[in-house]
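The lines below spell out each chain.
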Amino acid sequence: MNLPPADDRAAHRNTVLVVSSVHPPDDPRIRQKLVETLRGHMRVVMAVAAPGPSNVSGIAVEPLRGSRLMRTLRASWKILRGRYDVVSVHDPELLPAAIGAGLLGRHVVFDVHEDVPAQIRHKEWVPGPLRGIAARVLAMLLRLAERFVAITLAEPGYGRRHRGDHPVFPNTLPAELPERVPLEERRGVVYLGDVTSQRGVDLAVEALGRIEPRPPLTLIGRCSAPFRAELESLARKHRVSVRFAGYLPHPEALRVMGRHRVGISPLRDIPNYRDSLPTKLLEYLAMGLPVVASDLPGARGLLGGEAGIAWVLPDDARAIASAIERIMGDIPLLQATDAAADSIRVRYRWPEDDVAAFYAGLANGAAVRGSDR
């Protein structure tokens, strides 16, 4: 375990365990936002998949090794047996351990990243006949968790899964962002996020095949081997140049993204995305890139007034192609979106003070569980 220097440890009276057996160690919400906020106020221990985050400055790391199941079991043991002032949990798989620790009187936070019951209905690793059952079980666990742990939400809409009111810490922009790339140095189209069909990446490849000349596409994010093979075949069919950048630590992902001219968010219209705000929309705008985005209620409701976003019908490759082509040639729009980036960074900044106060209050016994609010 990599501990901070002794003087740094002494300066932090309370200790928080931030634990995830599933999310990447460099997950932006966990590492770049939550941990960066908390490490200025508490001693932070991260228990995440080995080898841990790329940046371990000022934190302690306890790598979780083995298969997904083994990591979940080891993380659950830490939650139940560890001695921490607060435990911050981020995976549905860890809900039983979080509830158990709450029953033991520990201060536990379950951070809801997405609409878990809706999401599980589209997970390929869950057998089809079991998805509905798994969704109902998770919905019940979320309700039960309210009685024993503190709940925080990444989106206001996720509150419909709960009886009580819970703090919303929106998945907005971290305090530190890379410098923007000069407009004249940007080329092509970029997608940031998990590379899946549900997120419309295959649709984006088809759309780029309709544009002349065809702009290259860079994909930044995790992609399964079968879906990558499918995309490569589709790219050959439509004569589109696709670069798979893979998963990158968040600051590096933003730097690579910033070298492109247009960002895309072609989400399909499924329940898990319908009422949410894809963080990538803010990240594109903060790096000065115009965006082509699926016109879904959650994103439109929050960002409908922002310039630089072309809203298109979900699942419409022709509309995506038309919007990309229009933006690529609109120099005034490109310049205006770049000029507005600083304002986006200020207006959609992660609520550091609120997050720090919430965790400090919980560690000191001031915060209470959801059922008591």
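Keep in mind it's a predicted model, so treat the numbers as computed, not measured.

What to know about the packing of aromatic side chains
So, point 1. Using the criterion set out here, one finds two aromatic pairs in the structure.
So, point 2. On the basis of an interplanar angle of 70 degrees and a centroid distance of 5.7 Å, the ring pair of Phe169 and Phe358 is categorised as edge-to-face. With a gap of 189 residues between them, Phe169 in the loop between strand 6 (150–153) and strand 7 (189–192) and Phe358 in helix 16 (residues 352–363) connect regions that are remote in the sequence.
So, point 3. Judged by relative accessible area, Phe358 falls into the buried class, the value being 12%.
So, point 4. Ring geometry for Phe358 versus Tyr359: centroids 5.7 Å apart, planes at 80 degrees, classification edge-to-face.

Some details on the sheet that holds strand 5 (residues 108–112)
So, point 1. Ordered in space as 3-2-1-4-5-6, the six strands form an open sheet in which the pairing is parallel. In the strand order of this sheet, the two ends are held by strand 3 (60–61) and strand 6, each with one partner.
So, point 2. Relative to strand 5, strand 4 (residues 86–89) is paired through three bridges, and the arrangement is parallel. Note that in strand 5 the partner of Val87 across the bridge is Val108.
So, point 3. The sheet strands contacting helix 2 (residues 28–38) are strand 1 (15–19), strand 2 (43–47), strand 4, strand 5 and strand 6, and the helix crosses strand 2 at an angle near 160 degrees.

A short note on the nonpolar core
So, point 1. Grouped together as the largest cluster of nonpolar side chains are 57 residues, with contacts concentrated most on Ile220, Met257 and Val292.
So, point 2. Excluding its chain neighbours within four sequence positions, the residues that come into contact with Ile220 are Val190, Tyr191, Leu192, Gly193, Ala245, Gly246, Leu248, Ala253, Val256 and Met257.
So, point 3. Residues Leu17, Val19, Val87 and Ile151 belong to the second largest nonpolar core, which totals 28 residues.

Digging into the packing of helix 7 (residues 201–208) against helix 8 (residues 225–238)
So, point 1. Contact geometry of helix 7 with helix 8 gives a least axis separation of 9 Å together with a crossing angle of 15 degrees. The angle between helix 7 and helix 8 places the two elements in the roughly parallel class. For helix 7 against helix 8, the interelement crossing comes out right-handed. Here Val201, Asp202, Val205 and Glu206 of helix 7 come into contact with helix 8, specifically with Phe227, Glu230, Leu231, Leu234, Ala235 and His238.
So, point 2. Each residue belonging to the contact of helix 7 with helix 8 can be placed in one class, and the counts come to six nonpolar, one polar and three charged.

Parameters and conventions
- Residues numbered from 1 in each chain as written.
- Predicted model: local features only at pLDDT ≥ 70, side-chain atom pairs only at ≥ 80, totals over all residues.
- Heavy atoms only, no water.
- Phe/Tyr/Trp six-rings, centres within 6.5 Å; stacked < 30°, edge-to-face > 60°.
- Helix = DSSP H or I, 4+ residues; strand = E, 2+ residues; numbered from the N terminus.
- Buried < 20%, exposed > 50% of the residue type's maximum accessible area, 1.4 Å probe, protein only.
- Pairing = 2+ DSSP bridges.
- Contact = heavy atoms within 4.5 Å.
- Axes fitted to C-alpha atoms, helices over the stretch in contact; angles between N-to-C directions.
- Core = buried A, V, L, I, M, F, W, Y, C linked by side-chain atoms within 4.5 Å.
- Parallel < 35°, antiparallel > 145°, perpendicular 65-115°, else oblique.
- Left-handed = near helix turned anticlockwise from the far one by under 90°.
- Nonpolar A, V, L, I, M, F, W, Y, C, P; charged D, E, K, R; others polar.

This is a description of form; function is not addressed.
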